[in-house]
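Each chain, written out:
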Amino acid sequence: MGTVIGLVAGIAIGALAAGLVAWRRLRHMRDVERRAREADRMATLGGLAGGLAHEIKNPLSTMSINLQLLDEDLRHLPEGGAGKLLMRVGTLRREVRRLEEVLEDFLRYARPHELKLEPLDVNRLLDEMLDFVTPEATQTGVRISRGFTPGLHPVRIDAARLKQAFLNIVINAKQAMPSGGELMVRTRAVSRPAGIEIDFIDTGSGISPDHLPRIWDVYFSTKERGTGLGLPTARRIIEEHGGSVRVHSEVGKGTSFTVFLPAGE
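Residues numbered from 1 in each chain as written. Predicted model: local features only at pLDDT ≥ 70, side-chain atom pairs only at ≥ 80, totals over all residues. Heavy atoms only, no water.

1. Here we look at the overall build of the protein chain
1) Next: On a plain count of helices and strands, the protein chain comes out with five helices and seven strands.
2) Next: Taken from the N to the C terminus, the helices and strands of the protein chain come in the order α-α-β-α-β-β-α-β-β-α-β-β.
3) Next: Residue pairs in contact within the protein chain that sit at least 24 positions apart in sequence constitute 72% of those at least 6 positions apart.
4) Next: Entry remark: accessible area of the protein chain is about 16700 Å², with carbon and sulfur atoms responsible for 57%. (Helix = DSSP H or I, 4+ residues; strand = E, 2+ residues; numbered from the N terminus. Contact = heavy atoms within 4.5 Å. Areas by Shrake-Rupley, 256 points an atom, 1.4 Å probe, with all protein chains shown as cover.)

2. Topic: the packing of helix H4 (residues 159-175) against helix H5 (residues 230-240)
1) Next: For the pair H4 and H5, the least separation of the axes is 8 Å and the interaxial angle reads 145 degrees. As H4 packs across H5, the resulting crossing turns out to be left-handed. Of the residues in H5, those touching H4 at Arg161, Leu162, Gln164, Ala165, Asn168, Ile169 and Asn172 are Gly230, Leu231, Thr233, Ala234, Ile237, Ile238 and Glu240.
2) Next: Of the residues in the contact of H4 with H5, the class split is seven nonpolar, five polar and two charged. (Axes fitted to C-alpha atoms, helices over the stretch in contact; angles between N-to-C directions. Left-handed = near helix turned anticlockwise from the far one by under 90°. Nonpolar A, V, L, I, M, F, W, Y, C, P; charged D, E, K, R; others polar.)

3. Examining the nonpolar core
1) Next: By size, the foremost hydrophobic cluster in this structure holds 36 residues, and its most contacted members are Met129, Phe166, Leu183, Ile198, Phe200 and Val259.
2) Next: Apart from residues no more than four positions distant in its own chain, methionine 129 is found in contact with Lys163, Phe166, Leu167, Val170 and Phe200.
3) Next: The next biggest cluster of nonpolar side chains, apart from the first, holds six residues, and it includes Leu60, Leu67, Val89 and Val96. (Core = buried A, V, L, I, M, F, W, Y, C linked by side-chain atoms within 4.5 Å. Buried < 20%, exposed > 50% of the residue type's maximum accessible area, 1.4 Å probe, protein only.)

4. Side note on the side chain of aspartate 202
1) Next: For aspartate 202, the position within the fold is in strand E5 (residues 194-202).
2) Next: Judged by relative accessible area, which is 3%, aspartate 202 ranks as buried.
3) Next: Side-chain polar atoms of aspartate 202 contact the backbone nitrogen of glycine 204, separated by 2.8 Å.
4) Next: Ignoring anything within four residues of it in the chain, the contact list for aspartate 202 reads Ala173, Met177, Glu182, Leu183, Lys253, Gly254 and Thr255. (Polar contact = N/O pair within 3.5 Å; in protein donor to acceptor, adjacent residues only side chain to side chain.)

5. Examining the sheet that holds strand E4 (residues 181-191)
1) Next: The strand order E2-E4-E5-E7-E6 describes an open sheet built from five strands, whose pairing is mixed. The open sheet has two free edges, formed respectively by strand E2 (142-147) and strand E6 (244-250), since each of these has just one partner strand. The average undirected angle you get between the axes of adjacent strands in this sheet is 15 degrees.
2) Next: One ladder, built from nine bridges, connects E4 with E5; its direction is antiparallel. (Pairing = 2+ DSSP bridges.)

6. Some thoughts on H4
1) Next: Its 17 residues place the ends of H4 24 Å apart at the C-alpha level, agreeing with the 24 Å of an ideal helix rising 1.5 Å per residue.
2) Next: Taken residue by residue, H4 has Arg161, Leu162, Ala165, Phe166, Leu167, Asn168, Ile169, Val170, Asn172, Ala173 and Lys174 as its buried positions. (Expected span 1.5 Å × (residues − 1).)

7. Details of the packing of helix H3 (residues 122-139) against H4
1) Next: At a minimum axis distance of 10 Å, the contact between H3 and H4 shows a crossing angle of 35 degrees. Pair H3 / H4 crosses with right-handed handedness. Contact with H3, carried on its side by Leu125, Leu126, Glu128, Met129, Leu130, Val133, Glu136 and Ala137, involves Ala159, Leu162, Lys163, Phe166, Leu167, Val170 and Lys174 of H4 and no other residues of that element.
2) Next: Split into classes, the residues belonging to the contact of H3 with H4 amount to eleven nonpolar, no polar and four charged.

8. A short note on the pairing of E5
1) Next: In terms of residue burial, E5 counts as a mostly covered element, since seven of its nine residues are buried.
2) Next: The hairpin formed by E4 and E5 contains two residues between the paired strands.
3) Next: In this sheet, strand E7 (residues 254-262) lies alongside E5 in antiparallel orientation, the contact comprising eight bridges. Paired with aspartate 199 across the two strands is threonine 258, which belongs to E7.

9. A word on the pattern of salt bridges
1) Next: Per the stated rule, a full pass over the model turns up 15 salt bridges.
2) Next: Notably, a salt bridge pairs arginine 146 with aspartate 127, separated by 2.4 Å at the nearest N-O pair. Taken as a pair, arginine 146 in strand E2 and aspartate 127 in helix H3 lie far apart in primary sequence, 19 residues in all.
3) Next: Judged by its relative accessible area of 28%, aspartate 127 falls in the partly exposed class. (Salt bridge = Lys/Arg side-chain N within 4 Å of Asp/Glu carboxyl O.)

So far we have only geometry, and geometry alone does not tell us how the molecule works.
Given below as C-alpha cells:
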C-alpha cells in the first residue's frame, strides 16, 4: 500500500514539476513575443521620427539663428531703447531651446539602436557618470554616496546607451529633491537569475500611488518642464540589454529604482 501511495505521490510531483516547467517556458515565449512586437513598433516609430525630426529641426535652427541676430541688433540700439524687446527675444530663444531639447529627447527614445556590447565593469561606468553629475548636484544640496560591491564580474553592455539610462534615473532623483537630500547608488551581484543589481535610492518627495503606475508612460510627467521621456527611455535601454527595472516609493520618504542586468555568457 505504501508503495502505491509513494508511486502516486511521485507521479503527482512529476506532473506538477512538468507543469511548472511548461508554464515557465510559456511565460518566456510570451515575453519574447512581446519584446519582438515592441521592437517592430519602435523600428517603425524610429523611421517616422527621423523624417519628423528633419522637418522640425530645420525651421527651429532658422528661428534660433535669426533670434540671435535680432538680439545682437537690439543691443546696438541706444541704452534703454530695447529693454522690453530684448526680454521678449530672450523668452523666444529659451522656448526654441526647449523645443530642441524635447525633440532630442523624443529621438533618443524613438530611434532604433544597434547595441555595441562589450564586457565592462558596471562600477566603473557608474563612477564616471556620477563624477559628471556630482558638481551640479552639490550646488543644489544633493549629496551622492556610493556603495559599490568590489570585484563584480563584467557584464556585456553598450556603455554609452546604459550610461544615458542611469543618467536619466539620477536626473529624476535630483528633481525629486529640490531642497536637497541624499542619493545612494549601490551595486551587488545576484544569483537567481545571475547578474548585477544597481539601486538608486533618494530621499526625495516620493511618488504618489496614483502616479506610480504611470511613470513609464511616454509624455507623463508631474514636473512643470518635464518631457515625460526620461524614465521610459531609461527602461527601454535597460530592457534592450535583457534587464529590468523596478521601483518602490513612499510619499514624503523617497524612491528607489533597482536595475537588474543579466550576467553575460
